[in-house]
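A structural walkthrough
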Amino acid sequence: TRSPAPTTPRRRREGEKLGLIDGREVGFAKGFEIGQEIGFYSGCHAVWSRCVGEDPGCFSERARRGIAAFGEMLRSFPIHDPLNEEILETLNQVRGKFKTVVALLGMHHEYNDAVGDQPTVTF
């Protein structure tokens, strides 16, 4: 077996530079995915809120409370604080509330974050 070549300071600097570039690209892509998902949820909330505004009886009281709570979660989401260490935990809470509201509304849902695919919600 051959032992690896010793790391020189030049190689280390090059590796650090490449690591920073890769990290920035991955972070940008992940941030875009999170923003896209939150945008989808915000659009759903906007539609549901509009329905409630125009016809308060269109959903049950429990569903209306769920929609309101979902909106509060979306408004408090730290979208402008990418260094927030709890952002993924908060996103999971938003996902859970979305699933709850969708169930209360009697809808089937699927959020597909693959590039080119459109999120679908069916009634």
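First, a word on what this report is: a plain description of the structure on this page. (Residues numbered from 1 in each chain as written. Predicted model: local features only at pLDDT ≥ 70, side-chain atom pairs only at ≥ 80, totals over all residues. Heavy atoms only, no water.)

A separate point is helix H1 (residues 9-54). For H1, built from 46 residues, the straight-helix expectation of 68 Å at 1.5 Å per residue is met to within 8% by its first-to-last C-alpha distance of 67 Å. Listed as buried for H1 are Ile34, Glu37, Ile38, Phe40, Tyr41, Cys44, His45, Trp48 and Val52. (Helix = DSSP H or I, 4+ residues; strand = E, 2+ residues; numbered from the N terminus. Expected span 1.5 Å × (residues − 1). Buried < 20%, exposed > 50% of the residue type's maximum accessible area, 1.4 Å probe, protein only.)

Okay, the packing of aromatic side chains next. Evaluated as defined, the whole model comprises seven aromatic pairs. Here Phe40 and Phe98 contribute two aromatic rings whose centre-to-centre distance is 5.8 Å and whose plane-to-plane angle is 65°, an arrangement assigned as edge-to-face. Of this pair, Phe40 sits in helix H1 while Phe98 sits in helix H3 (residues 87-104), placing them 58 residues apart in sequence. With respect to burial, Phe40 and Phe98 carry one shared label: buried. Chaining the aromatic ring pairs together yields one cluster made of Phe40, Tyr41, Trp48, Phe70 and Phe98. (Phe/Tyr/Trp six-rings, centres within 6.5 Å; stacked < 30°, edge-to-face > 60°.)

A word on the nonpolar core. By size, the foremost hydrophobic cluster in this structure holds 21 residues, and its most contacted members are Ile38, Tyr41, Trp48, Phe70, Phe98 and Leu105. At the level of secondary structure, the elements contributing two or more residues to this core comprise H1, helix H2 (61-76) and H3. No other element matches the seven residues that H1 contributes to this core. Setting aside its immediate chain neighbours within four residues, Tyr41 contacts Phe70, Leu74, Val94, Arg95 and Phe98. (Core = buried A, V, L, I, M, F, W, Y, C linked by side-chain atoms within 4.5 Å. Contact = heavy atoms within 4.5 Å.)

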